[in-house]
Amino acid sequence: MHDKTEILTLLLEELNRWEELLSHLNEKQVTMPQRPSQWSIKDVVAHLRAWQQLSFARVRAAQDNTEPVLPAWLAGSDPESEEELENFNARIYETHRRQSWQQVYQDWRDGFRSLLTLAERLPNEYIMDPNRYDWLNGRPLFAVLEGTYEHHQEHYDDLQNWLNQPRNLQMD
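Residues numbered from 1 in each chain as written. Predicted model: local features only at pLDDT ≥ 70, side-chain atom pairs only at ≥ 80, totals over all residues. Heavy atoms only, no water.

### Concerning unusual backbone geometry
Even without glycine at this site, Asn65 takes up a positive phi of about 55°. Topologically, Asn65 is positioned in the loop between helix H3 (41-64) and helix H4 (85-96). (Helix = DSSP H or I, 4+ residues; strand = E, 2+ residues; numbered from the N terminus.)

The structure is reproduced here in structure tokens:
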């Protein structure tokens, strides 16, 4: 990937791919825990939404030329901390596990679209310059968008593998 247009095109395609897949699932399929993680598809989508909030905060900060206002679930911790990853994900799960599928899906979809819209407004050089934002520690904003894309791809592939098991598709 080389520029803003390319990453935004890939993100839009990823959004459409997810929406297509999710549109064919019923409530039981979406809320049934998957093995080995025991997270349901709903939990995975809520997880993606939460991490999407971090990307949105960074893109918003780029637009406003400020420091990012990070999501509350980080509890003041560094979002890049590998040591905290399990704690982050546990907090995300606890925060969203009682929400309805409809609410989780709407928040994820609307958040994804908002991220795309906000990033589209930024000039290419704001997204590509690795030295533009001190709070990205020498990485371009492009890496944030690319990370969102890769995170969705990773979970899509896991979900697709789970759905390809015949017993998981037969739920009505």
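### Things to note about helix H5 (residues 101-121)
End to end, H5 covers 30 Å across 21 residues, agreeing with the expected 30 Å (1.5 Å per residue, within 8%). Among the residues of H5, Trp101, Val104, Tyr105, Trp108, Gly111, Phe112, Leu115, Leu116, Leu118 and Ala119 are the ones counted as buried. (Expected span 1.5 Å × (residues − 1). Buried < 20%, exposed > 50% of the residue type's maximum accessible area, 1.4 Å probe, protein only.)

### As for the packing of H3 against H4
Running from N to C, H3 and H4 cross one another at 115°; their axes reach a closest spacing of 9 Å. In the packing of H3 onto H4, the handedness of the crossing is right-handed. In contact with Lys42, Asp43, Ala46, His47, Ala50 and Trp51 of H3, H4 contributes Leu85, Phe88, Asn89, Ile92, Tyr93 and His96. Here the contact of H3 with H4 is built from residues that sort into seven nonpolar, three polar and two charged. (Axes fitted to C-alpha atoms, helices over the stretch in contact; angles between N-to-C directions. Left-handed = near helix turned anticlockwise from the far one by under 90°. Contact = heavy atoms within 4.5 Å. Nonpolar A, V, L, I, M, F, W, Y, C, P; charged D, E, K, R; others polar.)

### Some words on the nonpolar core
In terms of nonpolar packing, the biggest core is built from 42 residues, with Trp18, Leu22, Trp108 and Leu141 touching the most fellow members. Of all the elements in the fold, those that place two or more residues in this core are helix H1 (4-23), H3, H5 and helix H7 (141-163). Filtering out sequence-adjacent residues up to four positions away, Leu141 remains in contact with Arg58, Val59, Ala62, Leu122, Tyr126, Ile127, Tyr133, Trp135 and Leu136. The next biggest cluster of nonpolar side chains, apart from the first, holds seven residues, and it includes Ala50, Trp51, Leu74 and Phe88. (Core = buried A, V, L, I, M, F, W, Y, C linked by side-chain atoms within 4.5 Å.)

### Considering the packing of H5 against H7
Axis separation between H5 and H7 bottoms out at 12 Å; the angle between their running directions is 150°. In this view, H5 runs roughly antiparallel relative to H7, as classed from their interaxial angle. Relative to H7, the crossing made by H5 is left-handed. Of the residues in H7, those in contact with Trp108, Phe112, Leu115 and Ala119 of H5 are Leu145, Thr148 and His152. In terms of residue class, the contact of H5 with H7 is built from five nonpolar, two polar and no charged. (Parallel < 35°, antiparallel > 145°, perpendicular 65-115°, else oblique.)

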